[in-house]
Amino acid sequence: MEENLKKKLEILWFSPYGAFGAMRGFVEDVEFTAIQHPYNKVFRLSSIHFTKREIGELEDFVQIDATVEDIAKVLVKHYEYFHSEVKK
């Protein structure tokens, strides 16, 4: 994973995960994983949410040169997908 992207994700409380350079973070009960595409200038941001009755997964591809704010917007979108009660 590019060092610049890694620093942006660390600002958002991600930490290294696994042997392939992925980064992982949590917001309450939603797990986020980011892994850089080996050829394109994008990274895959996926999220997963488990409850006793259901499971959900969502993913987006984000440009590597995206700002921390742009990445945070995608995180919020994913979080609100699983927790629609927090939408305004």
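Residues numbered from 1 in each chain as written. Predicted model: local features only at pLDDT ≥ 70, side-chain atom pairs only at ≥ 80, totals over all residues. Heavy atoms only, no water.

Caption draft 1: Representation of the nonpolar core within the structure. If you look at the biggest cluster of nonpolar residues, it comprises 18 residues, and the most contacted ones within it are L9, F14, F43, L45, V62 and I71. Breaking this core down by element, the ones donating at least two residues are helix 1 (3-11), strand 3 (30-36), strand 4 (42-50), strand 5 (55-63) and helix 2 (68-82). By residue number, the principal contributor to this core is helix 2, which donates five residues. The residues touching F43, leaving out its near neighbours within four places in the chain, are L5, A34, I35, Q36, H37, D60, F61, V62, Q63, I64 and I71. (Core = buried A, V, L, I, M, F, W, Y, C linked by side-chain atoms within 4.5 Å. Buried < 20%, exposed > 50% of the residue type's maximum accessible area, 1.4 Å probe, protein only. Helix = DSSP H or I, 4+ residues; strand = E, 2+ residues; numbered from the N terminus. Contact = heavy atoms within 4.5 Å.)

Caption draft 2: Fine view of the pattern of salt bridges. Summed over the entire model, instances satisfying the criterion amount to five salt bridges. One salt bridge connects R44 with E57, and the closest N-O pair in it is separated by 3.8 Å. Taken together, the residues R44 in strand 4 and E57 in strand 5 connect sequence positions 13 residues apart. Classification of E57 by relative accessible area gives exposed; the value is 53%. (Salt bridge = Lys/Arg side-chain N within 4 Å of Asp/Glu carboxyl O.)

Caption draft 3: Layout of the sheet that holds strand 5. The strand order across the open sheet built from five strands is 1-2-3-4-5, with neighbouring strands paired in antiparallel fashion. Edge positions in the sheet fall to strand 1 (15-17) and strand 5, since each has one partner strand and no second. Going across the sheet, the axis of each strand differs from the next one's by a mean of 30°, ignoring polarity. Two strands pair when backbone bridges link them, and strand 1 and strand 2 (residues 22-27) are joined in this way by three bridges, in the antiparallel orientation. By the bridge assignment, P16 is partnered in strand 2 with M23. (Pairing = 2+ DSSP bridges. Axes fitted to C-alpha atoms, helices over the stretch in contact; angles between N-to-C directions.)

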